[in-house]
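Observations on the model geometry
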Amino acid sequence: MDFDAIVVGARVAGAPTAMLLARRGHRVLLLDRAAFPSDVLSTHLLHVPAMALLRQWGLHSLVAESGAPPLAGFRMDFGPFAISGPPPAVDGAAHPYCVRRTVLDKILLDAAAAAGATVRESTTVQGLLRDDTGRVVGVHGADFEARARVVVGADGLHSLVAREVGAALYDATPSATACYYTYYRGVAGPLAEIYQLGDRAVVVFPTNDDLACVFVACPAAQFHDFRADIEGNFLAAVGRVPGLADRLAAGERAERFRGTADVPNFFRTSHGPGWALVGDAGYHKDPCTASGITDAFVGATLLADAIDAGLPSDLDAALAEYQRRRDERFLPALHLTRDLASMEPPAPEMAALFATIAASPAESIRFLGAMQGSTPIPEYFAPDNIARIMSTA
Ligand SMILES: Cc1cc2nc3c(=O)[nH]c(=O)nc-3n(C[C@H](O)[C@H](O)[C@H](O)COP(=O)(O)OP(=O)(O)OC[C@H]3O[C@@H](n4cnc5c(N)ncnc54)[C@H](O)[C@@H]3O)c2cc1C
């Protein structure tokens, strides 16, 4: 075999997987059809657990000093009340950041190369190689072949690796929202601002170059109407947030609008003979919780651990265990994301719970811990914990 692992896709799922495997001495080939630095459709908030993993990987200061400001915390505004505060620190990481993907993905790619992975940019994988038993043993492009003991599809929502192996979806629901975002100068404040106001969500994330990423979501059913007048509908949504239209008018739009209505929620079968999926390829969800990157980092650690443990002995069993652990970890988050993406007003008991949380700074911090994934969601929303919160009202 040429390599122990070939990783297709070199962004937030693929590059850390390759880096972690290379750091453990495995021979890794990391391929991407893009040339880096390269942007991708994404508003790029990094929750504190993602910053903690970057710290563990020795990359925190590179990311934190890349020009994006540390965010003092969140304002999650539901109209009648807002949950605000700093999220809990995790393993020495205290702040969320919103780092442009041109910056973040290049740092991760370079870290994989520095760890010893062979990196090939501008290289498109067109199909998989198989042995006589049907086991995946490599990849090919227009003018190359490479062989490995495991091929990892970190190739995003429309994964070629997933398509080639026929990986099935489960726990799947179609796109519930559509969104447009752009960047403004002179608008960023100290917080990540998230407003859920009827059938519009509006987000302001301060990012690199003194810009703020401003994002608007609507129900998927309204996508065609929205895109008939993107700027008009975008500014109408912004107008629902007190003071934000004035802030944007005083600032300056610095980039074009980008949008999508292709944000389904699903798990995909993510292991089989000689292959595995990580990141969006295996687990995709609506961007409303801004967790895709954080979850891709966690997925990369789970998969790298599994491949490292399985290569000398029983790779297929290790990959099956990887999928089991990933699903156990993320199923509650997938369901919460799906519920939030419905944009339905919360049931009266949930609205009462959120209002009680909003009234308590200490409880707001605990709630933000569940939203960022550092407290397990089932634990936070367990009946005894809800009873505890409501008893403080
Ligand atoms: C509008 C929007 C906003 C979002 N906002 C946030 C947010 O604020 N915070 C957050 O955490 N997440 C956010 N997300 C989610 C996040 O962007 C994704 O979860 C994340 O990009 C997934 O990373 P990935 O590495 O799995 O896949 P991708 O980032 O999609 O990367 C896949 C890579 O594979 C490469 N590739 C694909 N096919 C091939 C091939 N055949 N050969 C070679 N290379 C190939 C592509 O070139 C690409 O570079 C958002 C998503 C959207 C759509």
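Keep in mind it's a predicted model, so treat the numbers as computed, not measured. (Residues numbered from 1 in each chain as written. Predicted model: local features only at pLDDT ≥ 70, side-chain atom pairs only at ≥ 80, totals over all residues. Heavy atoms only, no water.)

1. Focus: the overall build of the protein
Selection criterion: Working definition: helices are DSSP H or I runs of at least four residues, strands are E runs of at least two. Numbering for both runs from the N terminus. C-alpha atoms define the radius of gyration, and 2.2 Å times the number of residues to the power 0.38 defines the globule rule. Between buried and exposed lies partly exposed: a residue is buried under 20% and exposed over 50% of the maximum accessible area for its type, with that area taken using a 1.4 Å probe on protein chains only. Residue contacts follow a heavy-atom distance rule, with two residues in contact if any of their heavy atoms lie within 4.5 Å. With residues, only the protein chains shown are counted as cover, and all accessible areas are computed by Shrake-Rupley using a 1.4 Å probe. The charged-residue count follows a simple rule in which Lys and Arg add positive charge and Asp and Glu add negative charge, with His and chain termini not counted at all. Where a charge lies is defined by one atom per residue type: Lys uses NZ, Arg uses CZ, Asp uses CG and Glu uses CD.
Looking only at helices and strands, the protein features 14 helices and 21 strands. By the compact-globule yardstick of 21 Å for 393 residues, the protein fits well, its C-alpha radius of gyration being 21 Å. Per-residue burial over the protein gives 54% buried out of 393 residues. Pairs at least 24 residues apart make up 74% of the contacts formed inside the protein by residues separated by at least 6 positions. A total accessible area of about 15800 Å² is found for the protein, and carbon and sulfur atoms account for 53% of it. Measuring between centres, the 33 positive side-chain charges of the protein sit 2 Å from its 44 negative side-chain charges.

2. Regarding unusual backbone geometry
Working note: non-glycine residues mostly have negative phi, and peptide bonds are mostly trans. Cis geometry marks the peptide bond from Phe36 to Pro37, where omega comes out at 5°. Mapped onto the elements, Pro37 comes out in the loop between β2 (28–31) and β3 (45–46). The backbone of Asp91 sits at a positive phi, close to 45°, despite the residue not being glycine. With a phi angle near 55°, Asp210 is a residue other than glycine that sits in the positive phi range. Its place among the elements puts Asp210 in the loop between β14 (200–206) and β15 (211–219).

3. Some words on helix α11 (residues 348–358)
Turn by turn, an α-helix covers 3.6 residues, leaving residues three or four places apart pointing in a common direction. Using the following cut-off: The arc in question is traced by the directions running from the helix axis to the C-beta atoms.
For α11, the set of buried residues is Leu353, Phe354, Thr356 and Ile357. Along the axis of α11, the buried positions cluster into a sector of 160°, meaning they face one direction only. In this structure, the buried residues of α11 make contact with β5 (82–85), α12 (361–371), α13 (377–380) and α14 (383–391).

4. Here's the deal with the environment of Pro287
Residue position: Pro287 is located in the loop between β21 (283–284) and α9 (292–310). Counting along the chain gives 48 residues from Pro287 to Gly239, while the straight-line C-alpha distance between them is 22 Å. Those residues in contact with Pro287, other than ones at most four positions away along the chain, are Phe215 and Val263.

5. Structural notes on the UniProt feature "domain: FAD-binding" (unreviewed entry) in the protein
Cut-off, in case you're wondering: UniProt positions are given in the numbering used here, feature names are shortened, and annotations may be inferred rather than shown by experiment.
Those residues carrying the UniProt feature "domain: FAD-binding" (unreviewed entry) are residues 3–172 in this numbering. Along residues 3–172, the helical share is 26% and the strand share 28%, with 34 Å between the first and last C-alpha atoms.

6. Describing the pattern of salt bridges
Test applied: Salt bridges are counted wherever a side-chain nitrogen of Lys or Arg sits within 4 Å of a carboxyl oxygen of Asp or Glu.
Within the structure shown, the criterion is met by 25 salt bridges. With a shortest N-O distance of 3.0 Å, Arg27 and Asp4 are connected by a salt bridge. With Arg27 in the loop between α1 (14–23) and β2 and Asp4 in strand β1 (residues 3–8), the pair connects residues that are 23 residues apart, well separated along the chain. Residue classification places Arg27 among the partly exposed residues on the basis of a relative accessible area of 40%.

7. Examining the packing of α1 against α9
Formally: Interaxial angles span 0 to 180 degrees and are taken between N-to-C directions of axes, which are lines fitted to C-alpha atoms, for helices over the stretch in contact. If you view the pair so one helix is near and one far, a crossing is left-handed when the near helix is turned anticlockwise from the far one by less than a right angle, and right-handed when it is turned clockwise. Throughout, the ten residues Ala, Val, Leu, Ile, Met, Phe, Trp, Tyr, Cys and Pro are labelled nonpolar, Asp, Glu, Lys and Arg are labelled charged, and all others, Gly among them, are labelled polar.
At their nearest, the axes of α1 and α9 sit 8 Å apart, and the two run at 35° to each other. The interaxial crossing formed by α1 with α9 has right-handed handedness. Residues Pro16, Thr17, Leu20 and Leu21 of α1 lie in contact with α9, whose contacting residues are Phe297, Ala300, Thr301, Leu303, Ala304, Ile307 and Asp308. A per-class count over the contact of α1 with α9 returns eight nonpolar, two polar and one charged.

8. Some thoughts on the domain arrangement of the protein
Operational definition: Reported domain spans reflect what an automatic or database domain assignment gives. Once two parts are joined, some of their accessible surface, as seen by a 1.4 Å probe, is lost; buried area is that loss totalled over both. Nitrogen and oxygen atoms within 3.5 Å of one another constitute a polar contact, given that in protein one can donate a hydrogen and the other can accept it, and given that sequence-neighbouring residues count only through two side-chain atoms.
For the protein, the domain assignment lists domain 1 (3–40 + 101–173 + 263–340), domain 2 (177–260) and domain 3 (348–391). One C-alpha centre belongs to domain 1, the other to domain 2, and the line joining them spans 31 Å. Each partner contributes residues to the interface: domain 1 has seven residues there, and domain 2 has seven residues. Taken together, the two surfaces of domain 1 and domain 2 that pack against each other cover about 490 Å², and 50% of this comes from carbon and sulfur. The interface formed by domain 1 and domain 2 contains one salt bridge. A salt bridge links Asp39 to Arg258, with the shortest nitrogen-to-oxygen separation between them at 2.8 Å. Linking domain 1 to domain 2 there are two residue pairs in polar contact (both at pLDDT 80 or more). Taken together, the residues that form the side of domain 1 that touches domain 2 break down as five nonpolar, no polar and two charged.

9. Digging into the site of the ligand
Worth spelling out the cut-off: The cutoff for a nearby residue is simple: one of its non-hydrogen atoms must lie within 4 Å of the molecule or strand.
Among the 29 residues in the neighbourhood of the ligand, the closest are listed as Arg11, Asp32, Thr43, Asp280 and Ile293. Here Val12 contributes a backbone N or O atom positioned 3.3 Å from an oxygen atom of the ligand. Contacts to the ligand include Asp32, whose side-chain N or O atom sits 2.7 Å from an oxygen atom. Bound to the protein, the ligand loses 92% of the 1000 Å² it would expose on its own. Classifying every residue of the shell around the ligand by side-chain character gives 12 nonpolar, 11 polar and six charged.

10. A closer look at the nonpolar core
Stated formally: For the purposes of this section, nonpolar cores are sets of buried Ala, Val, Leu, Ile, Met, Phe, Trp, Tyr and Cys residues that join through side-chain atoms within 4.5 Å.
Ranked by size, the top nonpolar core spans 94 residues in total, and within it Leu46, Leu54, Phe297 and Phe367 carry the most contacts. The dominant element in this core, judged by the number of residues it contributes, is α9, at nine residues. Once you skip the residues sitting within four places of it in the chain, Phe297 turns out to touch Val12, Pro16, Leu46, Ala50, Leu53, Leu54, Trp57 and Leu108. Ranked by size, the runner-up nonpolar core spans 21 residues in total, among them Tyr180, Phe223, Leu244 and Phe257.

11. Description of the sheet that holds β21
Threshold: Strands were regarded as paired on the criterion that DSSP finds at least two bridges between them.
With respect to topology, three strands assemble into an open sheet ordered β11-β18-β21, the strand pairing being antiparallel. In this open sheet, the two strands that pair with only one neighbour each are β11 (169–173) and β21. Pairing analysis gives two bridges linking strand β18 (residues 265–268) to β21, with the strands arranged antiparallel. What sits directly across from Phe267, in β21, is Tyr283.

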